[in-house]
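Structure at a glance
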Amino acid sequence: PELVEDGVNGLLTPAGDDTVLAAALVGLYADEEGRRRLGEAGRAHVCERYTRERFAADLEDALLAARGPVA
C-alpha cells in the first residue's frame, strides 16, 4: 500500500483473502489492456519516486536520525 494505488498502478487485495486475490488475478488475465495500463503506470511511478538520488538522500536521513544529536 505504500507503493501501489489500487486500480491506478496496481491492485490491492486484503491480506489473507485468497478468494479476492484469485478474482483480481482472473480479472487481470481477462483484461489485456488493463494489465498493460497498470504495468506502465506502476513502472512510471517507481521510476519517478525511487531514483538513486532519492534512495541516497533517504538513506542519509535515516542514518543521521539513527545517529541522534551530535554534541
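Higher on the page you've got the structure.
A brief look at the structure comes next.

Definitions and limits used
- Sequence order sets the numbering: in each chain, residues are counted from 1 along the sequence as written.
- Only residues with pLDDT of at least 70 are given local features in this predicted model, and only at 80 or more are side-chain atom pairs given and counted; all residues enter the totals for whole chains, interfaces and linings.
- With hydrogens and water set aside, each side-chain value is computed from the structure's full complement of heavy atoms.
- Starting at the N terminus, helices and strands are each numbered in turn, a helix being any DSSP run of H or I of at least four residues and a strand any DSSP run of E of at least two.
- Multiplying 1.5 Å by the residue count of a helix minus one yields the expected span of that helix.
- Burial classes: relative accessible area under 20% of the type maximum marks a residue as buried, over 50% as exposed, and values in between as partly exposed (1.4 Å probe, protein chains only).
- This arc describes the spread of directions from the helix axis toward the C-beta atoms.
- Note on definitions: salt bridges are taken to be side-chain nitrogens of Lys or Arg within 4 Å of carboxyl oxygens of Asp or Glu.
- With axes taken as lines fitted to C-alpha atoms, and helix axes fitted only over the stretch in contact, angles between N-to-C directions fall between 0 and 180 degrees.
- Geometric relationships in this document are graded by angle, where less than 35 degrees denotes roughly parallel, more than 145 denotes roughly antiparallel, 65 to 115 denotes roughly perpendicular, and other angles denote oblique.
- Pairs of residues are marked as contacts when any of their non-hydrogen atoms sit within 4.5 Å.
- Polarity classes work like this: nonpolar for Ala, Val, Leu, Ile, Met, Phe, Trp, Tyr, Cys and Pro, charged for Asp, Glu, Lys and Arg, and polar for all others, with Gly in that last group.

Here we take up helix H2 (residues 32-49). The end-to-end C-alpha separation of H2 is 26 Å, in line with the 26 Å expected for 18 residues at 1.5 Å each. Among the residues making up H2, those that are buried are Gly34, Leu38 and Gly42. Angular distribution of buried residues about the axis of H2 spans 60°; they occupy a single face of the element. Residues of H2 that are exposed and point over 90 degrees away from its buried face: Glu32, Arg43 and Glu48.

In this section: the pattern of salt bridges. Under the definition given, this model contains 3 salt bridges. Linking Glu33 and Arg36 is a salt bridge whose minimum nitrogen-to-oxygen distance equals 2.1 Å. You can see Glu33 and its partner Arg36 sitting in helix H2, 3 residues apart, about one turn around the helix. By relative accessible area, Glu33 is classed as partly exposed at 45%. Taking relative accessible area as the criterion, Arg36 reaches 39% and is therefore assigned partly exposed.

This paragraph deals with the packing of helix H1 (residues 18-30) against H2. Where H1 contacts H2, the two axes come as close as 5 Å, and the packing angle between them is 105°. Judged by the inter-axis angle, H1 sits roughly perpendicular to H2. Touching Leu28, Tyr29 and Ala30 of H1 are Glu32, Arg35 and Leu38, all from H2. Residue composition of the contact of H1 with H2, grouped by class: 4 nonpolar, no polar and 2 charged.

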